[in-house]
Amino acid sequence: MQMGTTRQRISGAQEAGGAGAVYKVGHLAQESPVTDRYIDFVNSPLGQRLASALGLPQPVPLQRWQPRAPEFPGPVLIEAAPGGELAEAAARALAGLGASVLPASQATAQAGCHALVLDATGVRASGELRVLYDFFHPRLRSLAANARVLVLARPPEEAQRPSEAVASRALEGAVRSIAKELRRGATAQLVYVARGAEEAMASTLRFFASPRSAYVSGQVVRLGVPVDGPASWDPSRPLAGRTAVVTGASRGIGEAIVRVLHREGALVIGVDVPAADEALQRVCNDVDGRALPLDITAPDAGQRIAARAEGRVDLMVHNAGITRDKRLVNMREDQWTSVIEVNLAAQERITEHLLAAGALPHGGRVVCVSSMSGIAGNAGQVNYAASKAGVIGLVQSYAPLLAPLGATINGVAPGFIETQMTAAIPFAIREAGRRMNSLGQGGQPVDVAEAIAWLAHPGSGGVNGQVLRVCGQSWLGA
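In this report, we go over the structure that sits alongside the text. (Residues numbered from 1 in each chain as written. Predicted model: local features only at pLDDT ≥ 70, side-chain atom pairs only at ≥ 80, totals over all residues. Heavy atoms only, no water.)

## With respect to helix α14 (residues 445-456)
Alright, step 1. Between its terminal C-alpha atoms α14 stretches 17 Å, which fits the 16 Å expected from twelve residues at 1.5 Å a residue.
Alright, step 2. Of all the twelve residues making up α14, twelve are buried; the element is thus mostly covered by neighbouring parts of the structure.
Alright, step 3. Taken residue by residue, α14 has P445, V446, D447, V448, A449, E450, A451, I452, A453, W454, L455 and A456 as its buried positions. (Helix = DSSP H or I, 4+ residues; strand = E, 2+ residues; numbered from the N terminus. Expected span 1.5 Å × (residues − 1). Buried < 20%, exposed > 50% of the residue type's maximum accessible area, 1.4 Å probe, protein only.)

Below, the structure is given as structure tokens:
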């Protein structure tokens, strides 16, 4: 059984990973294997004129965060709806992260604004939703390229009256729609902040209000009271002193995860099948990490991972996965079994062992890589979609078990992420995968890695049991 290096390691149309330009992860540069020639063309002088005349989509290259670059490329405007409760805490958190925070009343700062943050916690009835129009209508057109839009609110389940819950839930439709209307690489998110979590917003704002979240849009995130209590960290290396284990680490998305976690300060143990040992050793040597050639379906895989980590796994990233695509009527039994075993059952067994052995400490994190196939389904991938939906079930069912231990478990669901395999996808399918999202392009492996780094952050203890779509707001799925 293979994982990590097989050509079917990740579903080609759903999770393939790189997009044309050189992108940097940590101190190393990787060359993306696939060039998106359409984006290159429509951003050329001739292409811009032609696309405008014909009404063609004009996606722009996404700005991704680079080491030593500013966390926030421009000013951040914040405004609170009447009765808002989060604006001041959000402003403090953003200022502490280095943002230039301005009250929205400073109209001169609107042009070229990098981020708009609306505190909508004061919206307690449907009539008060007008604040969305009043705040965004005069400002969205003048946003900078690759800008960020954030709405902060209280979760509907905390509402004291039905009218509050109605208004809170209405924000989801508004924010998802704003995300689809934004242009030039801008994104929008809704963050529900539970009472008591006001001072735990920093890591979430750091991710969603910065270029780190380049390929994440239209998402709804719930931020609760941190299960591991208040946290402190080195802003430049928040994972310093932590040991991270990443499966499927020798290439593609797994390699990007290794490099980003190393950049954030973690000691990384990369895991992949023995057949991928040469590539695995290269990746791990590059980041001063440790390599562990291992078939994760082995009965003792969890024990061997814990031993390699010397009994302490601060972050377990379940990234390894395979596909064996066939329509169900044509699928062999071994094609079904192998996908379920690698993509789902191995994650369960390894997680169970780490818990039973006490290897996941207070403040520990588990992050599982699911897929848009697990959300929307996909013809020819019944086995794969079942395994990835099962991963979502794993995240949701284990979250209440880990919370009393001061640990969290979350997932990421990549959409079309370009890797070497995208070059082998038929042209029409590849173009559809790239364009069928609000950002009009495929993502890069680093986009998935940045999302995982956010979930792994010491300040993200209030995010538990959630699955974040890294898909550019794909038009497919819920």
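## Looking at the pattern of salt bridges
Alright, step 1. Inspection of every chain in the model, using the stated rule, returns 27 salt bridges.
Alright, step 2. Salt-bridge contacts for E85 lead to R195; the nearest nitrogen and oxygen are separated by 3.1 Å. Of this pair, E85 sits in the loop between β3 (76-80) and α3 (87-96) while R195 sits in the loop between β7 (187-193) and α6 (202-208); the two residues are 110 residues apart in sequence, bridging distant segments of the chain.
Alright, step 3. Using a relative accessible area of 32% as the deciding quantity, one classes E85 as partly exposed.
Alright, step 4. Take R195: its relative accessible area is 43%, and that puts it in the partly exposed class. (Salt bridge = Lys/Arg side-chain N within 4 Å of Asp/Glu carboxyl O.)

## Things to note about the packing of aromatic side chains
Alright, step 1. What the rule picks out here adds up to four aromatic pairs.
Alright, step 2. Ring plane angle 70° and centroid distance 4.9 Å describe the contact between F207 and F208, whose orientation is recorded as edge-to-face. The same class applies to F207 as to F208, namely buried.
Alright, step 3. Both rings, one in F208 and one in W454, keep their centres 5.1 Å apart while their planes meet at 70°; by these two values the pair is edge-to-face. Here the residue F208 occupies a position in helix α6, and W454 occupies one in helix α14, the gap between them amounting to 246 residues. (Phe/Tyr/Trp six-rings, centres within 6.5 Å; stacked < 30°, edge-to-face > 60°.)

## Side note on unusual backbone geometry
Alright, step 1. For N146, which is not a glycine, the phi torsion comes out positive at approximately 60°.
Alright, step 2. Within the fold, N146 resides in strand β6 (residues 143-153).
Alright, step 3. Note on N146: relative accessible area 8%, which makes it buried.
Alright, step 4. Of note, the phi angle at E310 is positive, near 60°, even though the residue is not glycine.
Alright, step 5. Along the chain, E310 falls in the loop between α9 (301-308) and β12 (315-318).

Everything listed here is a matter of geometry and, on its own, says nothing about what the molecule does.
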